[in-house]
Amino acid sequence: MQLPSELDDLYQDIILDHYRSPRHQGLLDDPDLRGEGFNPFCGDQVVLTLGLDEAGRIAEVGFEGQGCSISQASASMLTGHLEGKTLEEAEGLVRTFKGIMQGGEFTPEQEDELGDIVALQGVKRFPIRIKCALLGWTTLQDAIAAYRKTHD
Amino acid sequence: MYDVAKIRKDFPILDREVHGVPLVYLDNAATSQKPRAVIQALSDYYERYNANVHRGAHTLAIEATDAYEEARAKVARFINAPSPENIVFVRNTTEAINLVAHTWAVANVGAGDRIVVTEMEHHSNLVPWQHVARMGGAELKLMAMTSGYELDTSDLDELLTPATKLVALTHMSNVLGTITPVAEVVAAAHRVGALALVDAAQSVPHMPVDVQALDCDFMAFSGHKMLGPTGIGVLYAKEEVLEQMDPFLRGGEMVLEVTYEDATWNQVPLKFEAGTPNIGDAIALGAAVDYLSALGMDSVREHEVALTGYAMERFAELEEVTTFGPSDLSVRGGVVSFYMSEIHPHDIGQVLDQLGIAIRAGHHCAMPLVRSRLNVPATARASFYLYNTEAEIDALIDGLNQVLRYFGDAASKRA
């Protein structure tokens, strides 16, 4: 029996590439921000650490996790878009991505900005996997919220 | 003669297609499919004699009450309970266990006491006891699993001290398929004066179960895993235990006499069925019990042993796949949990779904077992029932080969 091509929308090459070789692997020793995310539905886990520079911009990113291809690839892709951003900008990125996953469409500008992340659009056709795709992103949001509590 | 092809015709859902291919339903440990007789019993009740039970002198009320109580009697006979009065209808296994935790355990487990469970428990037979132990100042102890995924009873005598008030154990693990030596553990519990509760959610649907032979004090199981509808489950308890237990929920139906100041309780089991019960689903569970009884639970078990043996042979062909569970089929139900280090169970499940094959991926509501004992983040699980066939297991193995090729190819494209 042949596998339907729908599956290739979900498991695009770039996603499987990030799954096999996640970027920014390894946690920072002394991070300014740290977040842990867990999806009890399938046991996916992401730990995210961020280091800030003197201007408060994200200078370093490190993550570790285990779980399905979508959760790990999405988190890996996210780490590639954080360096140089302020926490507000990072939050904006999360909002954009969440909006897309919850039914919105990328604008051409967003497609340019987000690059490889656009590949995750295929996840929308498999609603049960959206939570997997969002895990790293909500972990980042939580880490920023926790950081603000102690630093504002 | 056990005729699977004929049995399959009784299950309308087995005719459906998923993503354009025939459904291969291998998620029976989560819930079973329903035969037409059960669906019909449900609609018969609502179309012909829907009425509230145990009250009202009209014909419909009498018919509904008779059918509801007949369902209770059918369930009692099915597990060889001494009387229908041993059977309390609840929503599901979880509610049955919580009923015991919130009534019997609250009254009988206190500071310095001990509750013993096994490492193989589903959350529903673990989390309520964590709560009881914490609230009462009791300790919660674990019976270990052997390296062969069976229950380790070698240190039962040390574990079951006189302080032990309850031993709560699964009859069949929903992750490993392990069938535990319940009678042996119950006897050991009774020797120290403890009661024994059996989580039979996976055993009652799949094998002959005799509560008097096991001598357990409580047994909990769900209707929906044994061809019945969702929302109806069973707590069996010995009569003397039920008599001394306080009610769980209070209100209508469970009372005998009420004044503005006080109330007295109805007889057992009605004392534990506050409010209008789930009449329709209880009656349909009775129809499920009829269906299973007509097939014969020995035949059902025999069919599943053969299927599981076949599945284990076929799984052995897949080098990349690790399976968990006892190799001895006499202590194993129709459950195969498996793991591939390179491909996450959720991804396996996704690809199989595209092929019409339904399995479960995750921790199966047994997080400590999967993560701390099997030492994997999650497993994929195929679980069989009386309507599954060897051809469906072949479809699963073909599907897993496709999963391996799919993710292997995707990886090698870049290599």
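As a convention, each chain's residues are numbered from 1 in the sequence order in which they are written. As a convention, the first chain written is A and the first ligand written is 1, with the rest following in written order. It should be noted that, the model being predicted, local features are given only for residues of pLDDT at least 70 and side-chain atom pairs only at 80 or more, the latter also being counted only at that level, while totals for whole chains, interfaces and linings use all residues. To obtain the side-chain values, all non-hydrogen atoms of the structure were included, while hydrogens and water were left out.

1. A short note on the sheet that holds strand β17 (residues 379-383) of chain B
All names here are of chain B. Operational definition: Paired strands, in this sense, are two strands between which DSSP finds at least two bridges. Here a helix means four or more residues in a row that DSSP labels H or I, a strand means two or more in a row labelled E, and each is numbered from the N terminus. Helix axes are fitted only over the stretch in contact, all axes being lines through C-alpha atoms; the angle between N-to-C directions runs from 0 to 180 degrees. Residue contacts follow a heavy-atom distance rule, with two residues in contact if any of their heavy atoms lie within 4.5 Å.
Overall, antiparallel pairing links the four strands, which are arranged β13-β14-β17-β16 in an open sheet. Edge positions in the sheet fall to β13 (321-324) and β16 (360-362), since each has one partner strand and no second. Geometrically, the sheet is characterised by an average inter-axis angle of 30° between neighbouring strands, direction not taken into account. Where β16 and β17 come together, three bridges link them in antiparallel fashion. Within β17, the position partnered with Arg-360 by the bridge is Arg-381. Its contacts with the sheet put helix α12 (residues 345-354) on β14 (335-340), β16 and β17, and the angle it makes with β17 is roughly 45°.

2. Considerations on the nonpolar core
Residues and elements named next belong to chain B. Note the cut-off: Definition used in this section: a nonpolar core is a set of buried Ala, Val, Leu, Ile, Met, Phe, Trp, Tyr and Cys residues joined via side-chain atoms within 4.5 Å. Working definition: with a 1.4 Å probe on protein chains only, accessible area under 20% of the residue-type maximum means buried, over 50% means exposed, and in between means partly exposed. The domain boundaries here were taken from an automatic or database domain assignment.
Grouped together as the largest cluster of nonpolar side chains are 85 residues, with contacts concentrated most on Phe-89, Met-219 and Leu-386. Ranked by residue count, the leading element in this core is helix α10 (residues 279-295), at ten residues. For this core, the domains that each give at least three residues are domain 1 (4-26 + 296-410) and domain 2 (38-294). Each residue touching Met-219, except ones within four places of it in the same chain, is listed here: Val-198, Ala-200, Val-204, Val-209, Val-211, Leu-214, Val-234, Leu-235 and Tyr-236.

3. Section: the packing of aromatic side chains
The relation between two aromatic rings is expressed through the spacing of the ring centres and the mutual angle of the planes. Residue and element names in this part refer to chain B. Note the following rule: The rule is short: rings of Phe, Tyr and Trp, with Trp giving its six-membered ring, pair when the centres are within 6.5 Å, and they are stacked under 30 degrees, edge-to-face over 60, tilted in between.
Taken as a whole, this structure holds 13 aromatic pairs over all chains when the rule is applied. Here Phe-11 and Tyr-291 contribute two aromatic rings whose centre-to-centre distance is 5.7 Å and whose plane-to-plane angle is 85°, an arrangement assigned as edge-to-face. Placement of Phe-11 in the loop between α1 (4-9) and β1 (17-18) and of Tyr-291 in helix α10 is noted, with a sequence separation of 280 residues between them. Across this residue pair, the class does not change: Phe-11 and Tyr-291 are buried. Taken together, a centroid distance of 6.1 Å and an interplanar angle of 80° make the contact between Tyr-149 and Phe-324 edge-to-face. In this pair, Tyr-149 sits in the loop between β6 (139-143) and α6 (156-159) while Phe-324 sits in strand β13, placing the two residues 175 residues apart along the sequence.

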